[in-house]
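Structure assessment
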Amino acid sequence: MRIVFAGTPEFAVPCLRAAALRGEVVGVYTQPDRPAGRGRGLTASPVKLEAVQRGIPVFQPDNFRSAESKRTLRALKPDLMVVVAYGLLLPQSVLEIPAYGCWNVHASLLPRWRGAAPIQRAIEAGDRQTGVCLMQMEKGLDTGPVLLSQAIDIGPDDTGGQLHDRLAELGARVLSDALGLLRATIVLPPKPQATAGVTYAHKLDKAEARLDWVLPATVLANKVRAFNPWPVAEAQLLGERVRIHAACALDETHNTAPGRVLGAGREGIDVACGQGVLRLLSLQRDGGKPISAQDYRNARRDVLP
């Protein structure tokens, strides 16, 4: 089975490995190299690095609008194209090139959380469950029928990074199962997505990471988890900007203005919110490294008991 793989970030790498085990990956498409790091030098995507290591030809078009880009894809004679967090919408003319069309591995239980950031949005919204869907791609954004899916629970302490890693491995297993069935000529019946319950996971923006103490503590705790490891929640605390890497919500009442520190101890630093209390567990001062709340308390003896 001749497979063309399209993906870009670390999330897609386990799926590329699964595809290479189940078939012959004849080409990998990924986003063009981007400036990254302090030196802003061009950096290859994780998928490109994996493909190069495996000796798979890599293609990095800006888009698929040109006739040349489509001719290149046709020349690979793909039976199937597998797309995982590629970052480009594929036109209908591209979706029709592979014999079995294009499959997409998506990190949510569709139709909930279509779009760019389903993992973080699920945590931010307080969802108890998420999963992976393998869908037959069509022109719309994550609107295609689902071929296979598998659900997992979201733990109360799961961060965006932890859930990302679990879903990346789950996606690879779901893809591997589907490729095995296809090789055995077992047809996967496509199930149209429900029309009710559609939500969109908009791309993360650094501005969202600024916490507003007026919000309920449960909302802020979810944001802290969702935005770890990027873009990392931040807030004003005791006259300085801090990044918050870990926190939990306490169902406690108070008559204090939001943003005021209610107490500080070994367990954490408690901050009044619009509703409830947010206990800060791990913080980072400007120019510093993440530290425990206890270490932060020791460094701010001028204002903390």
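What this report covers is the structure whose coordinates are included nearby. (Residues numbered from 1 in each chain as written. Predicted model: local features only at pLDDT ≥ 70, side-chain atom pairs only at ≥ 80, totals over all residues. Heavy atoms only, no water.)

1. Notes on helix H2 (residues 46-54)
Of all the positions in H2, only Val47, Lys48, Glu50 and Ala51 are classed as buried. Taken down its axis, H2 places every buried residue within 165 degrees of arc, on the same side. Exposed residues lying more than 90 degrees from the buried face of H2 are Leu49, Val52 and Gln53. Tucked into the core, H2 has its buried residues touching strand E1 (2-7), helix H1 (13-22), strand E2 (24-29) and strand E5 (58-59). Remark: Gly55 follows H2 within two positions and exhibits a positive phi of approximately 75 degrees. (Buried < 20%, exposed > 50% of the residue type's maximum accessible area, 1.4 Å probe, protein only. Helix = DSSP H or I, 4+ residues; strand = E, 2+ residues; numbered from the N terminus. Arc of directions from axis to C-beta. Contact = heavy atoms within 4.5 Å.)

2. With respect to the packing of aromatic side chains
The full count for this structure, using the stated rule, is 3 aromatic pairs. Between Tyr29 and Phe59, the ring centres sit 5.1 Å apart and the planes meet at 25 degrees, which makes this aromatic pair stacked. Note that Tyr29 is positioned in strand E2 and Phe59 in strand E5, a separation of 30 residues in sequence. With relative accessibility at 1%, the residue Tyr29 sits in the buried group. Taking the centre distance of 6.5 Å and the plane angle of 65 degrees together, the rings of Phe64 and Tyr86 count as edge-to-face. Within this pair, whereas Phe64 is found in the loop between E5 and helix H3 (67-75), its partner Tyr86 is found in the loop between strand E6 (80-84) and helix H4 (92-95), the two being separated by 22 residues in sequence. One aromatic cluster is present, formed by Tyr29, Phe59, Phe64 and Tyr86 through successive ring pairs. (Phe/Tyr/Trp six-rings, centres within 6.5 Å; stacked < 30°, edge-to-face > 60°.)

3. Concerning the pairing of strand E7 (residues 102-106)
Each regular strand displays side chains that alternate between the two surfaces of the sheet. Across the 5 residues of E7, 5 count as buried, placing the element largely inside the fold. Examined bridge by bridge, E6 and E7 share 3 bridges and lie parallel to one another. Bridging from a neighbouring strand, Val83 pairs with Asn104 of E7. Two elements, E7 and strand E9 (residues 129-136), share 4 bridges in a ladder whose sense is antiparallel. Looking at E9, one finds that Val105 is bridged to Leu134. (Pairing = 2+ DSSP bridges.)

4. With respect to the layout of surface pockets
Considered as a void within the structure, the largest pocket measures approximately 1,400 Å³ in volume. Listing elements by their share of the lining of the largest pocket, those giving two or more residues are E7, strand E8 (114-115), helix H5 (118-124), helix H6 (160-183) and strand E11 (200-201). Of the residues belonging to the lining of the largest pocket, the class tally is 22 nonpolar, 15 polar and 5 charged. (1 Å grid on protein atoms, 1.4 Å probe; cavity = no way out; pocket = protein on both sides within 12 Å on 5 of 7 lines; lining within 4 Å. Points joined across faces, edges and corners; volume = space filled by probe spheres on them. Nonpolar A, V, L, I, M, F, W, Y, C, P; charged D, E, K, R; others polar.)

5. Details of the side chain of Arg300
Inspection of the secondary structure assignment puts Arg300 in the segment after helix H8 (293-299). Separated by 3.2 Å, the side chain of Arg300 and the backbone oxygen of Leu238 make a polar contact. Those residues in contact with Arg300 that lie beyond four places of it in its chain are Leu237, Leu238, Glu240 and Arg285. (Polar contact = N/O pair within 3.5 Å; in protein donor to acceptor, adjacent residues only side chain to side chain.)

6. Some points on H6
For H6, with 24 residues, the first-to-last C-alpha span of 34 Å sits near the 34 Å given by 1.5 Å per residue. Looking at the residues trailing H6, positive phi occurs at Thr185, about 60 degrees. (Expected span 1.5 Å × (residues − 1).)

7. Topic: a nonpolar patch on the surface
A grouping of Leu89, Leu141, Val198 and Tyr200 is seen on the molecular surface, where their side chains present a nonpolar patch of about 360 Å² in accessible area. Tracing the backbone through its elements, the reader meets Leu89 in the loop between E6 and H4. (Patch = residues over 30% accessible without salt bridge, like charges linked within 9 Å, V, L, I, M, F, W, Y side chains within 5 Å. Areas by Shrake-Rupley, 256 points an atom, 1.4 Å probe, with all protein chains shown as cover. Salt bridge = Lys/Arg side-chain N within 4 Å of Asp/Glu carboxyl O.)

8. Side note on the packing of H1 against H2
Relative to each other, H1 and H2 sit at 30 degrees, their axes nearing to 9 Å. Put simply, H1 runs roughly parallel to H2. Here H1 runs over H2; the crossing is right-handed. Contact residues: H1 offers Val13, Leu16, Arg17 and Ala20, while H2 offers Pro46, Val47, Glu50, Ala51 and Arg54. Grouping the amino acids of the contact of H1 with H2 by side-chain chemistry returns 6 nonpolar, no polar and 3 charged. (Axes fitted to C-alpha atoms, helices over the stretch in contact; angles between N-to-C directions. Parallel < 35°, antiparallel > 145°, perpendicular 65-115°, else oblique. Left-handed = near helix turned anticlockwise from the far one by under 90°.)

9. Quick word on the pattern of salt bridges
The tally for this structure, following the rule as stated, stands at 15 salt bridges. Ionic pairing is found between Glu50 and Arg17, a salt bridge with its closest N-O pair at 3.2 Å. Of this pair, Glu50 sits in helix H2 while Arg17 sits in helix H1, and the two are 33 residues apart along the sequence. A relative accessible area of 37% places Arg17 in the partly exposed class. With a shortest N-O distance of 2.8 Å, Arg54 and Glu50 are connected by a salt bridge. Here the residue Arg54 and the residue Glu50 both occupy positions in helix H2, the gap between them amounting to 4 residues, near one helical turn.

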